[in-house]
Amino acid sequence: MRSRATLFGHAIHPMLIVFPVGLLTTAVIFDVIQIFTDNPRWGDVSFGMISAGLIGGLAAALFGVIDWFGIPKGTRAKRIGLFHGFGNSFVLLLFGMSWFSRLLAPSTPSPMAIGLGVVGVILIGVTGWLGGELIARLGVSVDEGAHVNSPSSLSGQPASAVDAATRRQRA
Ligand code: HEM
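Residues numbered from 1 in each chain as written. Predicted model: local features only at pLDDT ≥ 70, side-chain atom pairs only at ≥ 80, totals over all residues. Heavy atoms only, no water.

Engineer: How would you summarise the overall build of the chain if you had to cite specific residues and measurements?
Structural biologist: Scanning the chain for helices and strands turns up six helices and two strands. Along the chain, helices and strands appear, N-terminal first, in the series β-β-α-α-α-α-α-α. In summary, the chain has a C-alpha radius of gyration of 20 Å against a globular reference of 16 Å for 171 residues, an excess of more than 25%. Overall, the chain is about 65 × 40 × 20 Å in size when its C-alpha atoms are taken along their principal axes. (Helix = DSSP H or I, 4+ residues; strand = E, 2+ residues; numbered from the N terminus. Rg over C-alpha atoms; globule rule 2.2 N^0.38 Å.)

Structure below.
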């Protein structure tokens, strides 16, 4: 099924999720480096990454919700999407609490602030898998009839058609 929110034929949500997944995970890695090096610079960088990751996560979540409403009711995809969406909302809440608790001293995050991030990243692993299940297994945001010789998403032709170069090859 095709996504509701697309750009140049592709779902926008998967384009945006790289920000929260990449930035929030790297923030936790930098927190761990800060613990071992005791260099406050890492805490500052981690705080910056969490700020950007939260903004990216909210933007990604918006397009995720738009796509979720396009999934037919009563399907496994609808249920998995709900778990995925609520799980990621909780991830953003955990990092939001971590961000807030660092506000007064970003370069020296408390064990609780770091712990909230660690739990958040473990949860992203689970919710990310659910997101992958939505696409790879349940076909959400995959065009009807898509196959290895489908014409370009920009061609205006259905995915079930065969692209011109392949047709020529077979001729
Ligand atoms: C921080 C927030 C979020 C992250 C990190 C995230 C992550 C992901 C990932 C990793 C995928 C699979 C992408 C792929 O395999 O290419 C995905 C797909 C998906 N996610 Fe999320 N997600 C987030 C929030 C949400 C929310 C709030 C919803 C709403 C229910 C949602 C709905 C979906 C849907 C419907 C898909 C299937 C692809 C699509 O139609 O766009 N996501 N997400």
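Engineer: How would you sum up the site of the ligand? Please name residues and give values.
Structural biologist: Near the ligand, the surroundings consist of 24 residues, among which Ser-3, His-13, Asp-67, His-84 and Gly-131 are the closest. In this structure, His-84 approaches the ligand through a side-chain N or O atom, which is 2.8 Å from a nitrogen atom. The separation between a nitrogen atom of the ligand and a polar side-chain atom of Asn-88 is 3.3 Å. Looking at the shell around the ligand residue by residue, the class counts come to 12 nonpolar, 11 polar and one charged. (Near = heavy atom within 4 Å. Polar contact = N/O pair within 3.5 Å; in protein donor to acceptor, adjacent residues only side chain to side chain. Nonpolar A, V, L, I, M, F, W, Y, C, P; charged D, E, K, R; others polar.)

Engineer: Provide a residue-level description of a nonpolar patch on the surface, including the pertinent values.
Structural biologist: A cluster of nonpolar residues, Leu-7, Phe-8, Met-15 and Leu-154, forms a patch on the protein surface that exposes about 440 Å² of accessible area. Looking at the element boundaries, Met-15 is found in helix H1 (residues 13-16). Owing to a relative accessible area of 34%, Met-15 belongs among the partly exposed residues under this scheme. (Patch = residues over 30% accessible without salt bridge, like charges linked within 9 Å, V, L, I, M, F, W, Y side chains within 5 Å. Areas by Shrake-Rupley, 256 points an atom, 1.4 Å probe, with all protein chains shown as cover. Salt bridge = Lys/Arg side-chain N within 4 Å of Asp/Glu carboxyl O. Buried < 20%, exposed > 50% of the residue type's maximum accessible area, 1.4 Å probe, protein only.)

Engineer: Got a sec to walk through the coordination of the iron atom of the ligand? Specific residues and values, please.
Structural biologist: Every protein donor of the iron atom of the ligand is accounted for by His-13 (NE2) and His-84 (NE2), and the metal-donor separations fall at 2.0 Å. One way to put it: the six donor atoms around the iron atom of the ligand meet at angles of 88 to 180°, and that makes the site octahedral. On the criterion of sequence distance, the pair formed by His-13 in helix H1 and His-84 in helix H4 (residues 76-102) is long-range, its members being 71 residues apart. By relative accessible area, which is 17% here, His-13 ends up buried. (Donors = N, O, S within 2.8 Å, 3.2 Å for Na, K, Ca; no water. Tetrahedral: all angles 85-135°; square planar, octahedral: opposite > 155°, others 65-115°.)

Engineer: Residue-level account of the domain arrangement of the chain, with values.
Structural biologist: Splitting the chain by domain gives domain 1 (6-140) and domain 2 (146-171). Spacing between the C-alpha centres of domain 1 and domain 2 amounts to 36 Å. (Domains from an automatic or database assignment.)

Engineer: Just give me the short version of the environment of Val-21, but keep the residues and values in it.
Structural biologist: Structurally, the position occupied by Val-21 is in helix H2 (residues 18-37). Residue classification places Val-21 among the partly exposed positions, given a relative accessible area of 37%. For Val-21 and Val-121, which are 100 residues apart along the polypeptide, the C-alpha to C-alpha distance reads 8.2 Å.

Engineer: So what about helix H5 (residues 111-137)? Which residues, and what values?
Structural biologist: Between the first and last C-alpha of H5 there are 38 Å, a value that for 27 residues agrees with the 39 Å anticipated at 1.5 Å per step. Residues of H5 that are buried include every one of Ala-113, Ile-114, Leu-116, Gly-117, Gly-120, Ile-124, Thr-127, Leu-130, Gly-131, Glu-133 and Leu-134, and no others. The secondary structure elements touched by the buried residues of H5 are H2 and H4. Gly-139 occupies a position one or two residues after H5 and carries a positive phi of about 70°. (Expected span 1.5 Å × (residues − 1). Contact = heavy atoms within 4.5 Å.)

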